[in-house]
Amino acid sequence: FTPQDPDFEARVRASFVRQQFMGTLGARLLRVEPGLCEIELDYRADLTQQHGYLHAAVSTAIADSAGGYAAYSLMPAASSVLAVEFKINLLEPARGERFVGRGRVLRAGKRLSVCTLEVEAWHEGRATVCLSGLQTVMCLPNQPDDGARK
């Protein structure tokens, strides 16, 4: 993929910083490339469900953001991105010391893009894919993602 904005990485990183929910979770932007984004999250007991696994809502959140930012990396500078829909499958319990959400653009369209999503649970040095999904996001042209809009 070829980004439309040569400063795509800085734009994605600035948007990620403004996303307060990711900050609340303690998520970090690990990798940003054209059409690819990875978000990392350390295990925290306060983000678990009753069995001690990372809550599905948390793993879904990092996958959703990773997919959105993967698509956003290919969009014009004066645009923003919104998820239209996503479907996930929880393949394994999210058990591990850290988790990596990955979004990868499958098809970049002018208005709609489709991304694959996955979350790896890292436990004792080994990664297990615990979430797999598909996402559609929408490009909002001429609506910069600068936090000014209310």
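**Q** Would you explain the overall build of the protein chain in this entry?
**A** Helices and strands together make up the secondary structure of the protein chain, namely 3 helices and 6 strands. Counted from the first residue to the last, the protein chain has its helices and strands arranged as α-α-β-β-α-β-β-β-β. In terms of overall size, the protein chain behaves like a compact globule, its C-alpha atoms giving a radius of gyration of 15 Å where 150 residues would be expected to give roughly 15 Å. With the principal axes as the frame, the protein chain shows a C-alpha extent of 45 × 30 × 25 Å. Relative to its 150 residues, the protein chain shows a buried fraction of 41%. The long-range share in the protein chain, meaning contacts at least 24 apart out of those at least 6 apart in sequence, stands at 64%. About 7,900 Å² of surface is accessible on the protein chain, with carbon and sulfur atoms providing 54% of the total. Here the protein chain contributes 17 positive and 17 negative side-chain charges, whose respective centroids are spaced 5 Å apart.

**Q** Just checking my understanding: could you explain the packing of aromatic side chains for this structure?
**A** Any two aromatic rings considered together are summarised by their centre-to-centre distance and by the angle between their planes. What the rule picks out here adds up to 2 aromatic pairs. For the pair tyrosine 69 and tyrosine 72, a centre-to-centre distance of 6.2 Å together with 55° between the ring planes defines the contact as tilted. Residue tyrosine 69 and its partner tyrosine 72 are located together in helix H3 (residues 56-72), separated by 3 residues, close to a single helical turn. The burial state of tyrosine 69 is the same as that of tyrosine 72; both residues are buried.

**Q** Got a minute to help me understand the nonpolar core in this structure?
**A** When a protein is soluble and globular, its nonpolar side chains tend to lie buried together. Met22, Ile39, Leu41 and Ile62 are the most contacted members of the largest nonpolar core, which totals 36 residues. Elements with a contribution of two residues or more to this core: helix H1 (8-18), helix H2 (20-25), strand S1 (28-33), strand S2 (36-42), H3, strand S4 (98-108), strand S5 (112-123) and strand S6 (126-140). At 9 residues, H3 tops the list of elements feeding residues into this core. For leucine 41, the contacting residues outside a window of four places in its chain are Leu25, Gly26, Ala27, Leu47, Leu54, Val58, Ile62, Arg98 and Phe99.

**Q** Teacher, can you tell me more about the sheet that holds S6 here?
**A** One key point about sheets: their strands pair by backbone hydrogen bonds, in either a parallel or an antiparallel sense. Pairing is antiparallel in the open sheet, where 6 strands are placed in the order S1-S2-S4-S5-S6-S3. Every interior strand has two partners, whereas the edge strands, S1 and strand S3 (80-90), have only one. The mean inter-strand angle of the sheet, taken between neighbouring strand axes irrespective of direction, is 20°. Two elements, S4 and S5, share 10 bridges in a ladder whose sense is antiparallel. Looking at the pairing, arginine 98 lines up with tryptophan 122 of S5. Running at roughly 160° to S1, H1 makes contact with S1 and S2 of the sheet. Sheet strands touched by H3: S2, S3, S4, S5 and S6. Its angle to S4, the strand with the most contacts, is close to 40°.

Parameters at a glance
- Residues numbered from 1 in each chain as written.
- Predicted model: local features only at pLDDT ≥ 70, side-chain atom pairs only at ≥ 80, totals over all residues.
- Heavy atoms only, no water.
- Helix = DSSP H or I, 4+ residues; strand = E, 2+ residues; numbered from the N terminus.
- Rg over C-alpha atoms; globule rule 2.2 N^0.38 Å.
- Buried < 20%, exposed > 50% of the residue type's maximum accessible area, 1.4 Å probe, protein only.
- Contact = heavy atoms within 4.5 Å.
- Areas by Shrake-Rupley, 256 points an atom, 1.4 Å probe, with all protein chains shown as cover.
- Lys, Arg positive; Asp, Glu negative; His and termini not counted.
- Charge placed at Lys NZ, Arg CZ, Asp CG, Glu CD.
- Phe/Tyr/Trp six-rings, centres within 6.5 Å; stacked < 30°, edge-to-face > 60°.
- Core = buried A, V, L, I, M, F, W, Y, C linked by side-chain atoms within 4.5 Å.
- Pairing = 2+ DSSP bridges.
- Axes fitted to C-alpha atoms, helices over the stretch in contact; angles between N-to-C directions.

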